[in-house]
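A closer look at the structure
What follows is each chain in one-letter form.
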Amino acid sequence: MTKLISECILKSSFTRLGYKLLIRNETSHTLLTKPELISIKELKERGVTLEVPINICQKGHNLTLFFICLDAEMTSRLPDFGHFKDAKFEAIAKVETIERNQKNENTVFIDVYFTQYDIGEWQKILNEYEKNQEEINKMIMHQHDIRDEE
């Protein structure tokens with residue numbers, strides 16, 4: 001009897017990779033310091049797509065994004081201006097588009113384009129995600145090979 005791939009791949013087989021995100025809206029001078037309300041949906045060469053609560057920003061607003069390691073404990077409060085010592089990566093970004101979330105009326109999808117950031121550090125993050133995805137793909141393909149042999 002053949003098993004489903006989902007029965008062969010365990011959650012513990014994956015290395016969890018990700019970042020918590022905090023946002024400082026430089027245009028409206030507001031902070032979003034609850035990372036559980038921010039979801040990274042897509043990483044791009046020079047920006048990201050995020051799911052955020054409605055009314056956090058408007059098209060054209062400038063945001064500072066603070067990427068915090070997923071397992072890091074924040075030791076200080078997000079400052080009203082300047083750098084944040086707990087951040088692994090920071091970027092100033094402009095909100096390009098805002099799209100309503102059809103599944104959740106309390107959130108929107110925003111596309112932000114980085115305007116000031118360390119290109120080398122961002123590339124390291126992209127490479128980290130790419131490597132992780134390749135490992136997941138290998139694991140899934142390996143399970144296909146095992147199932148084909150049965």
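Preceding this section is the structure that the text describes.
Along each chain, numbering runs from 1 in the same order as the chain's sequence is written. The predicted nature of this model means local features are confined to residues of pLDDT at least 70 and side-chain atom pairs, given and counted, to a pLDDT of 80 or more, with totals for whole chains, interfaces and linings taken over all residues. Where side-chain values are given, they derive from all heavy atoms of the structure, hydrogens and water being excluded.

1. Observations concerning the packing of aromatic side chains
We apply this condition: Within 6.5 Å between ring centres, the rings of Phe, Tyr and Trp (the latter by its six-membered ring) count as paired, and their orientation is classed by plane angle as stacked under 30 degrees, edge-to-face over 60, tilted in between. Where helices and strands are cited, they refer to DSSP runs of H or I of at least four residues and of E of at least two residues respectively, numbered from the N terminus. Whether a residue is buried, partly exposed or exposed follows from its accessible area with a 1.4 Å probe, protein chains only, as a fraction of its type maximum: under 20%, in between, or over 50%, in that order.
Applying the stated criterion across every chain, the model contains nine aromatic pairs. Judged by centre distance (6.1 Å) and plane angle (50°), the rings of Phe89 and Phe114 are tilted. Remark: Phe114 occurs in strand β7 (residues 107-117) and Phe89 occurs in strand β6 (residues 89-100); sequence separation between them is 25 residues. Comparing Phe89 with Phe114 shows no difference in burial state: the two are buried. Aromatic side chains Phe114 and Tyr117 sit 5.1 Å apart centroid to centroid with 55° between the ring planes, which places their arrangement in the tilted category. The class of Phe114 is buried, set by a relative accessible area of 2%.

2. A short note on the pairing of strand β4 (residues 47-53)
Two faces, one strand: in a regular strand the side chains alternate between the faces of the sheet. As a reminder of what qualifies: Paired strands, as defined in this entry, are two strands with at least two bridges between them according to DSSP.
Extensive coverage of β4 is indicated by the burial of seven of its seven residues. Two strands pair when backbone bridges link them, and strand β3 (residues 39-44) and β4 are joined in this way by five bridges, in the antiparallel orientation. Residue pairing across strands places Leu43 opposite Val48, the latter belonging to β4. If you look at the hairpin formed by β3 and β4, you'll find two residues sitting between the two strands. Across seven bridges, β4 lies against β7 in antiparallel orientation. Looking at β7, one finds that Gly47 is bridged to Tyr113.

3. Observations regarding the sheet that holds β3
Applied cut-off: Fitting a line to C-alpha atoms yields each axis, with helices limited to the stretch in contact; the angle taken between N-to-C directions then spans 0 to 180 degrees.
One open sheet accounts for seven strands, arranged β2-β1-β5-β6-β7-β4-β3; its pairing is antiparallel. Only two strands of the sheet have a single neighbouring strand rather than two, namely β2 (30-32) and β3. Shown here is a sheet whose adjacent strand axes are inclined to one another by a mean of 30°, direction ignored.

4. Observations regarding the pairing of β7
Relative to β7, β6 is paired through nine bridges, and the arrangement is antiparallel. Bridge pairing links Ala93 to Phe114 in β7. As consecutive antiparallel partners, β6 and β7 are separated by six residues.

5. Brief notes about the environment of Leu70
Within the secondary structure, Leu70 sits in the loop between β5 (62-69) and β6. It is 5.4 Å that separates the C-alpha atoms of Leu70 and Lys20, two residues lying 50 residues apart in sequence.

6. Describing the side chain of Thr107
Quick reminder of the rule: Throughout this description, a polar contact denotes any pair of N or O atoms lying within 3.5 Å of each other; where both atoms belong to protein, one of them has to be capable of donating a hydrogen while the other can accept it, and for residues adjacent in sequence the pair is counted only when both atoms sit in side chains. Throughout, a contact is declared for two residues whenever any of their heavy atoms are within 4.5 Å.
Structurally, the position occupied by Thr107 is in strand β7. At 2.9 Å, the side chain of Thr107 and the side chain of Asn101 are in polar contact. Residue contacts for Thr107: discarding those within four places in its chain leaves Glu51, Val52, Pro53, Ile54, Arg100 and Asn101.

7. Structural notes on the pattern of salt bridges
We count it as follows: We define a salt bridge as a contact between a side-chain nitrogen of Lys or Arg and a carboxyl oxygen of Asp or Glu at a distance within 4 Å.
In total, this model carries four salt bridges according to the counting rule given. Glu51 is the partner of Lys41 in a salt bridge, and the nearest nitrogen-oxygen pair spans 3.3 Å. Here Glu51 lies in strand β4 and Lys41 lies in strand β3, a separation of ten residues in the sequence. On the accessibility criterion, Glu51 (13% relative accessible area) is buried. A salt bridge links Lys124 to Glu121; the shortest N-O distance between them is 3.1 Å. Here Lys124 and its partner Glu121 are both found in helix α2 (residues 119-149), three residues apart, which amounts to about one turn of the helix. The exposure class of Lys124 is exposed, given its relative accessible area of 52%.

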